[in-house]
Amino acid sequence: MSLFALDGKTALVTGANTGIGQAVAVALAEAGAHVICAGRRTCAETVDQIGARAEDLRLDFADPMAARDVFAARPVDILINNAGIIRRADATEFGEQDWDDVMDVNLKAVFFACQAFAKAAIARQAGGKIVNIASLLSFQGGIRVPSYAASKHGVAGLTKALCNEWAGQGITVNAIAPGYIATNNTQALREDAARNQSILDRIPAGRWGAPSDIAATAVYLSAPASDYVNGAVLNVDGGWLAR
Ligand code: NAP
């Protein structure tokens, strides 16, 4: 079997209706997986792109426990925790709701989805692959995004903590730290001409990343090729963090 083949595997991708999550879902399916495309609204567009090996699941992490029963109901081999939100405001003005909303979706929901996935995988003695979508702001502070930076630093820490607990059960827990990727999440930055230029000036690759750049790494971290990679937070950033 190819080191990069996912034939016979079932993957669940959160936030699979658009952006990075959509590209990851499509790439996992191209590698052979059956993909459960989870979203707070329909993932029909992604399911249509994939075809028969995809299904639509409604999961809204406004309730951070939303995935509690998903993995007990059916075997899932790969979990991609991609859903995430960002709120921007000066730290002196940043509100409690913006703090809680971001922490709930970006960190609390990720932990409890990992927990539900691992409980089921350990019960089946099946092993598994978890890929959390972190951020450059797992390492840096960013500007006017305190809850986002805190949540993504948390995702990096959680990835290592869960690796330590579950590696012995054949579960890998890794994260991808995307650089600046052209999606809805970064539309405001790209529309600000000065900010867009200052970002481009710092990226050694000289371009924004594409969702497909992240999808390829997600396939690797979901495949047998990465079986000895565990607890890693892998930068996919065109060299941004090397500067
Ligand atoms: P995006 O296009 O805004 O996608 C975010 C996804 O998360 C969407 O599917 C969104 O659904 C979903 N989501 C938001 N709140 C949710 C909730 N309560 N329940 C379920 N799903 C929810 O942005 P993206 O860039 O693809 O972001 C994907 C991940 O990459 C996020 O974790 C983000 O922090 C991370 N990331 C992105 C970049 C970048 O440069 N783009 C860089 C570093 C990290 P809706 O479409 O319904 O809102």
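Residues numbered from 1 in each chain as written. Predicted model: local features only at pLDDT ≥ 70, side-chain atom pairs only at ≥ 80, totals over all residues. Heavy atoms only, no water.

Chemist: Residues and numbers for the pattern of salt bridges, please.
Modeler: According to the stated counting rule, one finds seven salt bridges in the structure shown. Across the pair R144 and D90 runs a salt bridge whose closest N-O atoms are separated by 2.7 Å. Residue R144 is found in the loop between β5 (128-133) and α5 (146-166), and its partner D90 is found in the loop between β4 (78-81) and α4 (96-124); the two are separated by 54 residues along the sequence. For D90, a relative accessible area of 38% corresponds to the partly exposed category. Bridged by salt links that share partners, the residues R87, D98 and D101 form one connected network. (Salt bridge = Lys/Arg side-chain N within 4 Å of Asp/Glu carboxyl O. Helix = DSSP H or I, 4+ residues; strand = E, 2+ residues; numbered from the N terminus. Buried < 20%, exposed > 50% of the residue type's maximum accessible area, 1.4 Å probe, protein only.)

Chemist: Any details on the site of the ligand? Residues and values, ideally.
Modeler: As a matter of local geometry, the ligand sits amid 29 residues, with N17, R40, R41, Y148 and T183 nearest to it. In isolation the ligand exposes 880 Å². Once the protein is present, 94% of that is buried. The pocket occupied by the ligand, as judged from atoms lying within 2 Å of grid points, is the largest pocket. Counting only elements with at least two residues in the shell around the ligand, the list comes to α1 (19-30) and α5. Grouping the constituent residues of the shell around the ligand by class yields 13 nonpolar, twelve polar and four charged. (Near = heavy atom within 4 Å. Areas by Shrake-Rupley, 256 points an atom, 1.4 Å probe, with all protein chains shown as cover. 1 Å grid on protein atoms, 1.4 Å probe; cavity = no way out; pocket = protein on both sides within 12 Å on 5 of 7 lines; lining within 4 Å. Sits in = over half its atoms within 2 Å of the grid points. Nonpolar A, V, L, I, M, F, W, Y, C, P; charged D, E, K, R; others polar.)

Chemist: If you had to explain the layout of surface pockets to someone new, which residues and values would you point to?
Modeler: Its boundaries defined by the atoms lining it, the largest pocket holds a volume of some 1100 Å³. In terms of lining residues, the largest pocket is bounded by 46 residues, among which G84, I85, I86, Y148 and N185 are the most central. Looking at the lining of the largest pocket, the elements that each hand over two or more residues are α1, β2 (34-39), α4 and α5. Class assignment for the residues of the lining of the largest pocket results in 20 nonpolar, 17 polar and nine charged. When its volume is computed, the second largest pocket comes out at roughly 220 Å³. Surrounding the second largest pocket, 15 residues form its lining, K9, G128, K129, S222 and D227 being those nearest its centre. Split by residue class, the lining of the second largest pocket holds six nonpolar, five polar and four charged. (Points joined across faces, edges and corners; volume = space filled by probe spheres on them.)

Chemist: I'd like a rundown of the environment of D213, residues and numbers included.
Modeler: Along the chain, D213 falls in helix α8 (residues 211-222). When its relative accessible area of 26% is taken as the criterion, D213 is described as partly exposed. Along the backbone, D213 and A23 are 190 residues apart, and their C-alpha atoms lie at a distance of 8.9 Å. With sequence-adjacent residues up to four places away left out, D213 is seen in contact with R207 and V236. A polar contact of 2.7 Å, which involves the side chain of D213, links it to the backbone nitrogen of A210. (Contact = heavy atoms within 4.5 Å. Polar contact = N/O pair within 3.5 Å; in protein donor to acceptor, adjacent residues only side chain to side chain.)

Chemist: So what's going on with the sheet that holds β4? Residues and values would help.
Modeler: Note on sheets: strands pair through backbone hydrogen bonds, and any given pair is parallel or antiparallel. Here seven strands make up an open sheet; going across it, the order is β3-β2-β1-β4-β5-β6-β7 and the pairing parallel. Each edge of the sheet is formed by a strand with only one pairing partner; in this case those strands are β3 (54-58) and β7 (233-236). Shown here is a sheet whose adjacent strand axes are inclined to one another by a mean of 20°, direction ignored. Where strand β1 (residues 10-14) and β2 come together, five bridges link them in parallel fashion. Paired with T10 across the strands is H34, a residue of β2. Most of the contacts of α1 go to β1, to which it runs at about 170°, and overall it touches β1, β2, β4 and β6 (171-178). In the packing of α4 onto the sheet, contacts are made with β4, β5 and β6, and the angle to β4 comes to roughly 175°. (Pairing = 2+ DSSP bridges. Axes fitted to C-alpha atoms, helices over the stretch in contact; angles between N-to-C directions.)

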